[in-house]
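Structural description and commentary
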2 protein chains.
Amino acid sequence: MAKSEFDIIKQYFAHQQQQRDDVVLAIGDDCALVDVPANYHVAVSTDSLVAGTHFLADADPALVAYKALASNISDLAAMGATPAWVSLALTLPSIDEAWLAPFCHSFFELANRYNIQLIGGDTTKGPLSITLTVQGLVPQGQALTRGGAQVGDDIYVTGNLGDSAAGLALILNQSQCEPSLAAALVGRHFKAQPRVNVGEALRGIASAALDISDGVIADVKHIGDRSQVAIEIDVEKLPVSVDLLTFCNGDRQQAQQLALTSGEEYELCFTVSKANRDALAMALAHTNVKYSCIGQVTTGRGLSLLQLGKPLSWKLSGWDHFGVTNN
Amino acid sequence: MAKSEFDIIKQYFAHQQQQRDDVVLAIGDDCALVDVPANYHVAVSTDSLVAGTHFLADADPALVAYKALASNISDLAAMGATPAWVSLALTLPSIDEAWLAPFCHSFFELANRYNIQLIGGDTTKGPLSITLTVQGLVPQGQALTRGGAQVGDDIYVTGNLGDSAAGLALILNQSQCEPSLAAALVGRHFKAQPRVNVGEALRGIASAALDISDGVIADVKHIGDRSQVAIEIDVEKLPVSVDLLTFCNGDRQQAQQLALTSGEEYELCFTVSKANRDALAMALAHTNVKYSCIGQVTTGRGLSLLQLGKPLSWKLSGWDHFGVTNN
């Protein structure tokens, strides 16, 4: 007999290895029930991935699952929150177990790694899409918002920037390169590491933070807007990988422009006062995550690009799903 | 200039009237932050509505918004939870303000009525769909689950059953009837009242509860399964409206069959011990919501239909989005 919606849910989603003590009731009732410790905020974030917009309909379901969950975990990391629970709304054109099995395997592997329990969701028929709502916990008063940057703070990013955009160009056949380099860059696009341990370590140290999902040049503007400050980024300070420079045939300017506009990096961008510079170094030492100072918070409004301290006038914009310029 | 994703969010979603004290940070950061009072569970539910599966693509956006939010609130009601927060993932083929404006007006009207604050979400490009994650609060130990029904309990439903199915048949042009009757039944399909006050009143009184989304005959099985008991429903006890009987040209059996299988009713179905019968009457008196005893919890497993105490063998099944029988 054909399998029903309910059978799918039972078979694939109700047997996660990770079981948290704070989940009172998980999948199988009208709601999940969870408990929150005293003196903690709950951090909540929702993101959708839609076939044809965020991934190709024939993309590897394991990579789609990873990307969907990793991008949501990254929002928790950007808040300084520790991941806890996730709800999954999955819309499928038909019941395709050859798609579902690798999707679920990848989803739960990542969820288990970050101590996240699937607590509920919905499985519906329709054009392929995935919407996740992740929740995490952060001590009251220690969340990293976008609104706390102060004039004089340094601006930092984790990891390298630009590899994700190069990987996407390869996936979309807009570029070609040597196979092992292509594999590395495509992997960087699909398999970003959410910086949860960095976010946790930045509690009490960073003045503002967010994750890079639309390109650092677009995202950092949100810190400027919410904190009512101006942002200066020096393109020579942008961390770019050897792989990206090779992909760009050594064209440093092209690599820097990719680093500025590359979306779906899921690196953290954060501001720290100069007084906290040593505390930052100590807090991040144990994470083994590279971080780089890329600029300064200054008086005024807006974003300026510099090159070795001199103004630049590159015309660039961040990724926007509707394909129009964001001003 | 064309409007970007961010402008849409700002314009339509960031100015809700309802502002809750427990929302520390709402829309505009990587996550929302909320606080939970001591000794409360958080109840979480996620549902998707997909154009072409759950509603017609050209359906009135105000009705789509109402249906999406009401069905989610109903899950909280079924748990005995008080609604608090909602996250909205909205996927649209294009930016259509003629669609968005009535959608948002209707969405926020209902959210404000139930003291729910929109705390976040995602707006993406793709085939029209809406995924909501609602959250509510319920005192620890007082949530209404599906697993507590005991042999000897009475089974109740709120309101009337079947009107929603009749309304849907009219919307899909599978049936016709006189215009004012049609308007009433279509309204019943689109504008069910989530039974939040009933759910809250049932805390400490009902042994199990759920809301009727797939048809009472399909939904009540979940209480049977989770509570490891058998369910008997007497079709003569099913509450059917005068409108439904008129729609069925007085055919009582047809009305009862619609009542059994009608999905998206969003009435509550719950079990109460005979010892709590008077407490139930007192608790629900102030809600002004009609409720009817439709059967009994008995020993064994499975669901039996009776008519005036005698076995019936109607072949019926509940709604299943993939259109196959759920066993």
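What you see is a predicted model; the values in this text were computed from it and never measured.

Before going further, it helps to spend a moment on the packing of aromatic side chains. All names here are of chain B. Counted under the stated rule, the structure contains twelve aromatic pairs over all chains. Relative to Phe107, the ring of Phe103 lies with its centre 6.1 Å away and its plane at 15°, an arrangement referred to as stacked. With Phe103 and Phe107 both in helix H3 (residues 97-113) and four residues apart, this pair spans about one turn of that helix. Classification of Phe107 by relative accessible area gives buried; the value is 1%.

Bringing the relation of the copies chain B and chain A into the picture now. It takes a turn of 180° to lay chain B on chain A, together with a shift of 0.0 Å along the axis; the resulting RMSD is 0.0 Å. The superposition of one copy onto the other is thereby described by a two-fold rotation axis. Of all interface residues in chain B, 100% are interface residues in chain A too; the two copies therefore contact each other through one and the same surface.

Next up on the list: the environment of A:Val44. Position of A:Val44 relative to the elements: it lies in strand S3 (residues 40-50). Separated by 24 residues in sequence, A:Val44 and A:Ala68 have C-alpha atoms that sit 15 Å apart. Apart from residues no more than four positions distant in its own chain, A:Val44 is found in contact with A:Thr133, A:Val134, A:Gln135, B:Cys31, B:Ala32, B:Ser87, B:Ile119 and B:Gln135.

Here we come to the domain arrangement of chain A. Residue and element names in this part refer to chain A. The domain boundaries assigned to chain A delineate domain 1 (5-139) and domain 2 (154-310). Summarising the inter-unit geometry, the C-alpha centres of domain 1 and domain 2 are found 26 Å apart. Taken together, the contact pairs 20 residues of domain 1 with 19 residues of domain 2. Together, Leu63, Tyr66 and Lys67 form the three largest contributors to the area buried by domain 1 at its contact with domain 2, with a combined 29%. Glu264 is the partner of Lys67 in a salt bridge, and the nearest nitrogen-oxygen pair spans 3.1 Å. One can count eight residue pairs in polar contact (both at pLDDT 80 or more) joining domain 1 with domain 2. Of all the secondary structure elements, the ones that give two or more residues to the side of domain 1 that touches domain 2 are helix H2 (61-79), strand S4 (82-92) and strand S6 (129-139). Per element, the largest residue contribution to the side of domain 1 that touches domain 2 is ten residues, and it comes from H2.

Criteria and thresholds
- Per-chain numbering applies: the sequence of each chain, read as written, is numbered from 1 onward.
- Here every chain gets a letter starting at A, and every ligand a number starting at 1, in the order they are written.
- Side-chain atom pairs in this predicted model are given and counted only at pLDDT of 80 or more, local residue features only at pLDDT of at least 70, and totals for whole chains, interfaces and linings cover all residues.
- Remark: hydrogens and water are excluded; side-chain values derive from all non-hydrogen atoms of the structure.
- Side-chain rings of Phe, Tyr and Trp (the six-membered ring for Trp) are treated as a pair once their centres are within 6.5 Å; stacked means planes under 30 degrees apart, edge-to-face means over 60, and tilted covers the remaining angles.
- Each helix corresponds to a stretch of at least 4 residues labelled H or I by DSSP, and each strand to a stretch of at least 2 residues labelled E; elements are numbered beginning at the N terminus.
- To sort residues, take the accessible area from a 1.4 Å probe on protein chains only and compare it with the maximum for the residue type: under 20% means buried, over 50% means exposed, and anything in between is partly exposed.
- The atoms used to superpose the copies are C-alpha atoms, taken from residues with pLDDT of at least 70 in both, and the fit is least squares.
- Any two residues whose heavy atoms approach within 4.5 Å at even a single point are treated as in contact.
- Segmentation of the chain into domains, including their bounds, is taken from an automatic or database domain assignment.
- Summed over both partners, the accessible area (1.4 Å probe) lost when two parts come together is defined as the buried area.
- Only one rule defines a salt bridge in this text: a Lys or Arg side-chain nitrogen within 4 Å of an Asp or Glu carboxyl oxygen.
- In protein, a polar contact means a hydrogen-donor-capable atom and an acceptor-capable atom, both N or O and within 3.5 Å, with residues adjacent in sequence counting only if both atoms are side-chain atoms; elsewhere, any N or O pair within 3.5 Å suffices.

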